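Residues per chain, in single letters:
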Amino acid sequence: MIDANAYHIRISTAADPDTLSGLAERHSQKPLVGRVLIGYIDGTPAAALSLHDGRVIADNSAGRVAAALRMRASGILAFEATPSLRQRLL
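Residues numbered from 1 in each chain as written. Predicted model: local features only at pLDDT ≥ 70, side-chain atom pairs only at ≥ 80, totals over all residues. Heavy atoms only, no water.

(A) Looking closely at the pattern of salt bridges. Under the defined criterion, the tally for this structure stands at four salt bridges. Note that Arg10 is salt-bridged to Asp16, the shortest N-O span being 2.7 Å. The exposure class of Arg10 is partly exposed, given its relative accessible area of 27%. The exposure class assigned to Asp16 is buried, which follows from its relative accessible area of 4%. We note a salt bridge from Arg35 to Glu80, for which the minimum N-O separation is 2.8 Å. Of the two residues, Arg35 sits in the loop between α1 (17–26) and β2 (36–41) while Glu80 sits in helix α2 (residues 63–81), which places them 45 residues apart along the sequence. Overall, the relative accessible area of 43% leaves Glu80 in the partly exposed class. (Salt bridge = Lys/Arg side-chain N within 4 Å of Asp/Glu carboxyl O. Buried < 20%, exposed > 50% of the residue type's maximum accessible area, 1.4 Å probe, protein only. Helix = DSSP H or I, 4+ residues; strand = E, 2+ residues; numbered from the N terminus.)

Here's what the structure looks like:
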């Protein structure tokens, strides 16, 4: 089991293609496309999730991180789908 403070999650940037392709190669999968969340354990990329299609690439030991990525992705997508306060009031 991984402690909640033993990993961190962030949205990928333009500097992350090598990180994402390396993670995909380790698991014999195609690299993720679009906006991607990356989960790190002790500074090492352990899991990634595409916000575009929901596909996940994760190490065997990163099950909890993959679950956290799914929760974070659902929150991001729900936030983006919610109209602004101004639009809701109109």
